[in-house]
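Here are the chains, one letter per residue:
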Amino acid sequence: RAARTAASANVVCKHVRREIRTLTDADRGAYLRALEVFHAVGDAEGAARYGPSFRNARYFAALHNAKDYCYHNNLVFLTSHPAFNLQVEEMLELISPGLARCYWDFMVDHQYGGAWATASPMYREDWFGTLDNGPDDAYRVRGRFRDVQMVLDPAVAANAAAANATTANATAGG
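Note that this is a predicted model, so its numbers are computed, not measured.

Now for the overall build of the protein. When helices and strands are tallied, the protein shows 6 helices and 2 strands. Counting from the amino terminus, helix and strand elements in the protein follow one another as β-α-α-α-α-β-α-α. The proportion of buried residues among the 174 residues of the protein is 25%. Approximately 12,300 Å² of the protein is accessible, and the part contributed by carbon and sulfur atoms is 57%.

Two side chains of opposite charge can pair, provided their charged atoms sit close to one another. Counted under the stated rule, the structure contains 13 salt bridges. Close ionic contact of Asp-126 with Arg-124 constitutes a salt bridge, the shortest N to O distance being 2.7 Å. A cluster of three or more residues bridged by salt bridges with shared partners is formed by Arg-17, Glu-89 and Arg-101.

The biggest cluster of nonpolar side chains holds 25 residues, and the ones touching the most others in it are Ile-20, Tyr-31, Phe-38, Phe-54, Leu-92 and Ile-95. Leaving out residues up to four positions away in the same chain, Tyr-31 has contacts with Ile-20, Leu-92, Leu-99, Ala-100, Cys-102 and Phe-128.

As enumerated under the stated definition, the model contains 8 aromatic pairs in all. Judged by centre distance (6.2 Å) and plane angle (85°), the rings of Trp-104 and Tyr-123 are edge-to-face. Separated by 19 residues along the polypeptide, Trp-104 in the loop between β2 (102–103) and α5 (116–119) and Tyr-123 in the loop between α5 and α6 (154–171) bring together distant segments of the chain. Seen from their ring centres, Trp-116 and Tyr-123 are 5.9 Å apart, and the 65° between their planes marks the pair as edge-to-face. Classification of Tyr-123 by relative accessible area gives buried; the value is 16%.

Look at helix α3 (residues 57–65) against helix α4 (residues 76–95): their axes get within 11 Å of each other, and the N-to-C directions meet at 170°. Between α3 and α4, the interaxial angle falls into the category roughly antiparallel. In contact with Phe-60, Leu-63 and His-64 of α3, α4 contributes His-81, Phe-84, Gln-87, Val-88 and Met-91. Classifying every residue of the contact of α3 with α4 by side-chain character gives 5 nonpolar, 3 polar and no charged.

The N-to-C vectors of helix α1 (residues 25–40) and α4 enclose an angle of 105°; their axes lie 9 Å apart at closest approach. As judged from the angle between their axes, α1 and α4 are roughly perpendicular. For the pair formed by α1 and α4, the contact residues are Tyr-31, Ala-34, Leu-35, Val-37 and Phe-38 on the first element and Val-88, Met-91, Leu-92 and Ile-95 on the second. Its residues assigned to classes, the contact of α1 with α4 shows 9 nonpolar, no polar and no charged.

Right, let's get into a nonpolar patch on the surface. Judged by side-chain polarity, Leu-75, Phe-77 and Leu-78 come together as a nonpolar surface patch covering roughly 360 Å² of accessible area. Within the secondary structure layout, Leu-78 lies in helix α4.

Right, let's talk about the side chain of Glu-89 for a bit. Looking at where Glu-89 falls in the secondary structure, it is placed in helix α4. Under the relative-accessibility criterion, Glu-89 is labelled buried at 11%. Each residue touching Glu-89, except ones within four places of it in the same chain, is listed here: Arg-17, Arg-101 and Cys-102.

For the rest of this paragraph, the subject is α4. When the terminal C-alpha atoms of α4 are compared, their 29 Å separation across 20 residues agrees well with the 28 Å that a helix rising 1.5 Å per residue should span. All buried positions along α4 are accounted for by Ser-80, His-81, Phe-84, Val-88, Glu-89, Met-91, Leu-92 and Ile-95. Buried residues along α4 sit against α1, α2 (43–50), α3 and β2.

Reading the values: the criteria
- Residues numbered from 1 in each chain as written.
- Predicted model: local features only at pLDDT ≥ 70, side-chain atom pairs only at ≥ 80, totals over all residues.
- Heavy atoms only, no water.
- Helix = DSSP H or I, 4+ residues; strand = E, 2+ residues; numbered from the N terminus.
- Buried < 20%, exposed > 50% of the residue type's maximum accessible area, 1.4 Å probe, protein only.
- Areas by Shrake-Rupley, 256 points an atom, 1.4 Å probe, with all protein chains shown as cover.
- Salt bridge = Lys/Arg side-chain N within 4 Å of Asp/Glu carboxyl O.
- Core = buried A, V, L, I, M, F, W, Y, C linked by side-chain atoms within 4.5 Å.
- Contact = heavy atoms within 4.5 Å.
- Phe/Tyr/Trp six-rings, centres within 6.5 Å; stacked < 30°, edge-to-face > 60°.
- Axes fitted to C-alpha atoms, helices over the stretch in contact; angles between N-to-C directions.
- Parallel < 35°, antiparallel > 145°, perpendicular 65-115°, else oblique.
- Nonpolar A, V, L, I, M, F, W, Y, C, P; charged D, E, K, R; others polar.
- Patch = residues over 30% accessible without salt bridge, like charges linked within 9 Å, V, L, I, M, F, W, Y side chains within 5 Å.
- Expected span 1.5 Å × (residues − 1).

See the structure below:
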């Protein structure tokens, strides 16, 4: 009998990202469904479904837009956004284990010239939704992400700004 020895090793899993248009319909559908859940699920429900480390899109949007952090106009931009992307991918992996990771090569859309907003498959209703939205529908995207709520509602922000201006004027005696 040959002697057996036990060994252990660290295993590294590397993910290969593919351009979103090169994904199979099934892989792209799974990715978009996971992204839809990421945007729709609340904190408590997400933690119950996917574990205590789960954070939803609102969390990342609020962190990104927080006035305490400045993720633009400085060198942090180069490292913070890829870090956000990695964290979002981790959340999508919690939602749908084994999910294909992808990226969007927006330079491919140059082939559409000035019609890129309507001709690119990225803006189909069954992908990320339309860009040619008008005031008759409050500029809401048509498609799977139609009901995604914004973290910062412009109407609320405008009302808050007006209230702050009124308060400031009253305080200043104006």
